[in-house]
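# Structural characterization, general
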Amino acid sequence: MFDALREFEARGERFDVIVLDPPAFAKNRASLKSAIRGYKEINLRALKLLTAGGVLITCTCSYHVAEDLFLEIVGEATIDAHRRVQILEKRMQASDHPVLIGMPETYYLKCVIARVL
């Protein structure tokens, strides 16, 4: 994914929609720092590739990346990409994978659908 995004950018490609659904970058707490860098990089590169009005669908399935942290990462990527973005929707895993109260690790999938202004 990292290489493909770099190649698209180098070729000057632009897209109306980009979906980022990588495997879990933070499989444990020790990998959180590198996961944050990875999520920021792919979102930054994707935002640079989107046309005005384009839609970014970006996900994390890492339990260790809480929703507020994921939104912060995406927000920092928008700043660094010099793009204005509005969140259209926030989603989570389907109801066949319910989040259990008192067991936060069951809330693992966070998804943001955003539009570049």
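A few points on the structure. Each chain has its residues counted from 1, running along the sequence as written. Whole-chain, interface and lining totals are the exception, using all residues; otherwise, since this is a predicted model, local features are given only for residues with pLDDT of at least 70 and side-chain atom pairs are given and counted only at 80 or more. The side-chain numbers reported here are obtained from all heavy atoms of the structure, hydrogens and water having been left aside.

What follows concerns the packing of aromatic side chains. Pairing of aromatic rings covers Phe, Tyr and Trp, the last through its six-membered ring, and needs centres within 6.5 Å; plane angles under 30 degrees mean stacked, over 60 mean edge-to-face, and all others mean tilted. Counted under the stated rule, the structure contains 4 aromatic pairs. Their ring planes at 25 degrees and their centres at 5.9 Å tell us that Phe 2 and Phe 25 sit as a pair that is stacked. You can see Phe 2 sitting in helix α1 (residues 2-10) and its partner Phe 25 sitting in the loop between β1 (15-20) and α2 (32-49), a full 23 residues away along the chain. Exposed residues in this analysis have more than 50% of their type's maximum accessible area, buried residues have under 20%, and partly exposed residues fall in between, with area computed by a 1.4 Å probe over protein chains only. Residue Phe 2 is classed as partly exposed on the basis of its relative accessible area of 26%. Seen in terms of ring centroids, Phe 8 and Phe 15 are 5.1 Å apart; in terms of plane orientation they differ by 65 degrees. Their pairing is edge-to-face. Note on Phe 8: relative accessible area 25%, which makes it partly exposed. Residue class for Phe 15 comes out partly exposed when judged on its relative accessible area of 23%. Two conditions define a charge located above a ring, namely a distance within 6 Å from the ring centre to NZ of Lys or CZ of Arg, and an angle within 35 degrees of the ring normal. The positively charged end of Lys 110 is found above the aromatic ring belonging to Tyr 107, 5.2 Å away from the centroid. Segments assigned H or I by DSSP are reported as helices when at least four residues long, segments assigned E as strands when at least two residues long, and all are numbered from the N terminus.

The values reported here are purely geometric and, on their own, carry no functional implication.
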